[in-house]
Amino acid sequence: MAFAEVELYDATLRDGMQGEGMSLTAAEKVRVAHALDALGIDIIEAGFPASNPKELEVFELLSREQFEHAEIAAFGMTRRGGVDVQADTTMQVLAASFAPIVTIVGKTWGLHLEKVIKVSREENLDMIGESIDYLVSAGKRVLYDAEHFFDAWRDDPDYALACIAAAQAGGVERVVLCDTIGSSMPDDIRAGVAAVKAAFDVPLGIHCHDDLGLGIANSLAGLEAGATQVQGTMNGIGERTGNANLTTLIGTLQAGMGVEVVTDAQLEKLTETAHFLDELLNVSSNPRAPWVGRNAFAHKGGLHMAGMKVDPSTYENADPEIVGNRRNLVISELAGRHTVQQRADSAGIEVNDEQVQRVLERVKQLEHEGYQFEAADGSFELLLREETGVVTELFTLESWRVIIEQEADGDVRTEATIKIWIDGQRHIRTAEGVGPVNALDTALRAAIVETHPHLADVQLVNYKVRILDEASGTDAVVRVILDATDGEEVWGTTGVNANIIAASWQALVDSLVYAEQPRQVGTPR
């Protein structure tokens with residue numbers, strides 16, 4: 001296969017969130033957008049701003065952010081049947097969005113026209129063309145998602161092409177051909193893309209789902225046939241069995257096929273970014289995921305190990321370092337040094353080789369105990385600072401206690417008492433809260449905010465708990481991930497313990513300690 005330049009379009013924040021159990025807060029979506037930007041994604045589909053208040057909040061937050069590379073796209077549908085395009089509220093919201101790119105989805109399959117939106121074929125063509133023309137006139141670059149294109153192509157190819165013609169007449173920048181229910185074979189994809197490419201002078205994209213396990217193969221077939229943009233979601237999340245896995249596509253295109261879609265430095269962030277998203281979603285990373293899974297470059301069999309000693313290429317199709325992964329199942333000097341050094345440099349922490357190695361060994365031990373640092377960037381930086389002796393401590397703990405009482409009427413009251421030492425002075429504070437974390441947070445801040453006034457600005461924005469050993473039932477060890485912000489930066493911290501409150505306390509303290517660490521000029525607090 002030989003491809004021209006390939007544009008990466010990520011739909012994680014919209015299409016990916018349609019998967020069962022997939023949910024991110026508005027602040028978390030902003031963190032994901034920055035991670036995708038750092039990875040080298042060209043276009044980030046941020047969501048459907050007309051759908052609900054959270055999506056409006058996401059776009060409001062994103063409008064204030066700066067991105068190094070990626071552009072933000074808003075998503076929506078064509079105008080409704082029987083409604084003037086200028087009176088359609090979705091069109092108005094999309095036109096008013098800060099996003100320079102708007103992706104609209106429209107019908108191409110007669111089955112949906114007859115049974116879902118119940119409009120005539122002629123009206124559907126008008127809906128496509130008028131919607132695109134309206135948004136182009138509003139200054140937007142418009143992508144048209146031809147929903148169910150390949151089902152339509154098999155059913156009525158003439159009408160499928162008529163929908164593309166309507167989009168082109170409206171001034172569309174790119175037409176994206178969608179295998180919406182993942183029902184196509186690679187040969188179907190090649191034929192459909194080739195037919196559109198032969199009939200129209202318009203750039204094409206390919207958007208595949210994975211219902212038959214062919215999302216990657218079909219995406220590559222679409223590129224082979226002439227599409228120049230590939231769409232997908234990180235880790236393949238999405239409705240039903242998910243979307244084409246953009247994580248795998250990036251690794252396969254660049255590391256496997258030599259098609260440069262990101263820089264080498266960005267490609268090294270692939271594994272880190274994939275695991276970061278999993279942690280935010282509170283799901284376990286797939287150990288067998290191509291390129292980024294912990295087993296992707298693991299070797300166990302004797303014959304394999306013998307070959308690896310002679311030449312790693314005997315049982316690896318690429319060096320794991322190029323995608324930020326590692327050989328074997330542990331963080332090693334071979335695979336981990338670059339990441340530690342990079343994190344230290346970004347925080348302005350000077351480390352030598354011996355300190356880097358000690359950090360790696362410490363991380364290996366903590367991961368064995370259940371810690372994960374992909375989404376706990378704050379806790380990882382504190383590890384670095386503790387190793388190099390440049391951590392600013394807030395207090396010395398004497399003890400803490402939490403009392404939870406449920407009254408006969410069902411009301412639950414929580415009270416926390418902390419005893420800490422600051423600069424040789426003993427401080428005792430008691431506070432009530434809606435839960436144990438809130439009560440501990442309130443008591444702790446009451447004791448330290450006078451000495452560290454910046455901490456008054458730090459707010460908890462997300463809190464997640466994962467059971468690490470399900471077989472242990474209520475005795476299980478849990479991992480807490482806590483996200484906090486001071487209004488300028490969002491960071492994550494973590495705690496692990498069989499006692500959920502103790503794990504939460506650890507993450508809470510880390511979040512406040514991190515907030516008080518010095519920052520280099522020009523870097524986020």
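Details of the structure are given in the entry above.
Read on for an overview of the structure.

Parameters and conventions
- Residues numbered from 1 in each chain as written.
- Predicted model: local features only at pLDDT ≥ 70, side-chain atom pairs only at ≥ 80, totals over all residues.
- Heavy atoms only, no water.
- Helix = DSSP H or I, 4+ residues; strand = E, 2+ residues; numbered from the N terminus.
- Rg over C-alpha atoms; globule rule 2.2 N^0.38 Å.
- Buried < 20%, exposed > 50% of the residue type's maximum accessible area, 1.4 Å probe, protein only.
- Contact = heavy atoms within 4.5 Å.
- Pairing = 2+ DSSP bridges.
- Salt bridge = Lys/Arg side-chain N within 4 Å of Asp/Glu carboxyl O.
- Phe/Tyr/Trp six-rings, centres within 6.5 Å; stacked < 30°, edge-to-face > 60°.
- Lys NZ or Arg CZ within 6 Å of the ring centre and 35° of its normal.
- Axes fitted to C-alpha atoms, helices over the stretch in contact; angles between N-to-C directions.
- Patch = residues over 30% accessible without salt bridge, like charges linked within 9 Å, V, L, I, M, F, W, Y side chains within 5 Å.
- Areas by Shrake-Rupley, 256 points an atom, 1.4 Å probe, with all protein chains shown as cover.

### Concerning the overall build of the protein chain
- In terms of helices and strands, the protein chain carries 18 helices and 14 strands.
- A compact globule built from 525 residues would reach a C-alpha radius of gyration of about 24 Å, and the protein chain, at 26 Å, matches this within 12%.
- Taking the principal axes of the C-alpha coordinates as reference, the protein chain spans close to 80 × 65 × 50 Å.
- Relative to its 525 residues, the protein chain shows a buried fraction of 54%.
- Nonlocal contacts in the protein chain, meaning residues at least 24 apart in sequence, comprise 67% of its contacts between residues at least 6 apart.

### Some thoughts on the environment of Leu270
- With respect to the helices, strands and loops of the structure, Leu270 is situated in helix H12 (residues 270-281).
- As for Leu270 and Ala35, which are separated by 235 residues in sequence, their C-alpha atoms are 9.9 Å apart.
- When near neighbours in sequence (up to four residues on either side) are disregarded, Leu270 contacts Leu39, Thr247, Ile250, Gly251, Trp291, Val292 and Val323.

### What to know about the pairing of strand S10 (residues 412-422)
- With 10 bridges connecting them, strand S9 (residues 396-406) and S10 associate as antiparallel partners. Residue Trp400 lies in a different strand from S10, and its bridge partner there is Ile418.
- Between S9 and S10, which pair antiparallel in sequence order, lie five residues; one of them, Gly410, sits at a positive phi of approximately 100 degrees.
- In this structure, S10 lies alongside strand S11 (residues 425-433), joined through nine bridges in antiparallel fashion. For Glu415, the partnering residue across the bridge sits in S11 and is Glu432.

### Considering the pattern of salt bridges
- Using the criterion set out here, one finds 29 salt bridges in the structure.
- In this structure, Arg141 and Glu173 form a salt bridge, with 2.9 Å as the shortest nitrogen-oxygen distance. Linking Arg141 in strand S5 (residues 141-147) with Glu173 in the loop between helix H7 (157-169) and strand S6 (174-179), this pair joins segments that are 32 residues apart in sequence.
- A salt bridge links Glu354 to Arg358; the shortest N-O distance between them is 2.7 Å. Linking Glu354 with Arg358, this pair stays in helix H15 (residues 353-369), spanning four residues, or about one helical turn.
- Arg358 sits in the partly exposed class, given a relative accessible area of 37%.

### Notes on the side chain of Thr78
- Along the chain, Thr78 turns up in the loop between strand S3 (71-77) and helix H3 (89-96).
- In this structure Thr78 comes out as buried when scored by relative accessible area, which is 11%.

### Observations concerning the side chain of Asn245
- If you trace the backbone, Asn245 turns up in the loop between strand S8 (229-232) and helix H10 (246-256).
- Residue classification places Asn245 among the buried positions, given a relative accessible area of 17%.
- With residues up to four places along the chain from it excluded, the contact list for Asn245 reads Ile216, Thr233, Met234, Asn235 and Gly236.

### Structural notes on the packing of aromatic side chains
- The tally for this structure, following the rule as stated, stands at nine aromatic pairs.
- Judged by centre distance (5.2 Å) and plane angle (85 degrees), the ring pair of Phe149 and Phe150 falls under edge-to-face.
- Under the relative-accessibility criterion, Phe150 is labelled buried at 0%.
- Taken together through their ring pairs, the aromatic side chains of Phe149, Phe150 and Trp153 make up a single cluster.
- The positively charged end of Arg14 is found above the aromatic ring belonging to Phe75, 3.7 Å away from the centroid.
- Above the face of the Tyr159 ring, Arg121 is positioned so that its terminal group lies 4.9 Å from the ring centre.

### Points about the sheet that holds S3
- Ordered by their spatial adjacency, eight strands build a closed barrel running S1-S2-S3-S4-S5-S6-S7-S8, and the pairing between neighbours is parallel. Across the sheet, the mean angle from the axis of one strand to that of its neighbour is 25 degrees, orientation sign disregarded.
- Together, S3 and strand S4 (101-107) form the strand contacts of H3, whose direction differs from that of S3 by roughly 175 degrees.

### A look at the pairing of strand S14 (residues 490-497)
- Most of S14 sits out of view: six of its eight residues are buried.
- By the bridge criterion, eight bridges tie strand S13 (residues 478-485) to S14 in an arrangement that is antiparallel. What sits directly across from Ile481, in S14, is Thr494.
- Linking two consecutive strands that pair antiparallel, namely S13 and S14, is a turn of four residues; a positive phi of about 95 degrees is found at Gly487 within it.

### Quick word on the sheet that holds S11
- Overall, antiparallel pairing links the three strands, which are arranged S9-S10-S11 in an open sheet. This sheet does not close on itself; its edge strands, each paired only once, are S9 and S11. Taken over all neighbouring pairs, the strand axes of this sheet differ in orientation by 10 degrees on average, direction set aside.
- Where helix H17 (residues 436-448) meets the sheet, its contacts fall on S9, S10 and S11, and the angle it forms with S10 comes to roughly 35 degrees.
- Lying over the sheet, helix H18 (residues 500-515) contacts S9 and S10, oriented at roughly 135 degrees with respect to S9.

### A look at a nonpolar patch on the surface
- The grouping of Leu460, Tyr463 and Ile500 at the surface amounts to a nonpolar patch, some 240 Å² of accessible area in total.
- Examined against the element boundaries, Leu460 turns out to sit in strand S12 (residues 459-467).
- On the basis of relative accessible area, Leu460 is assigned to the partly exposed category, the value being 40%.

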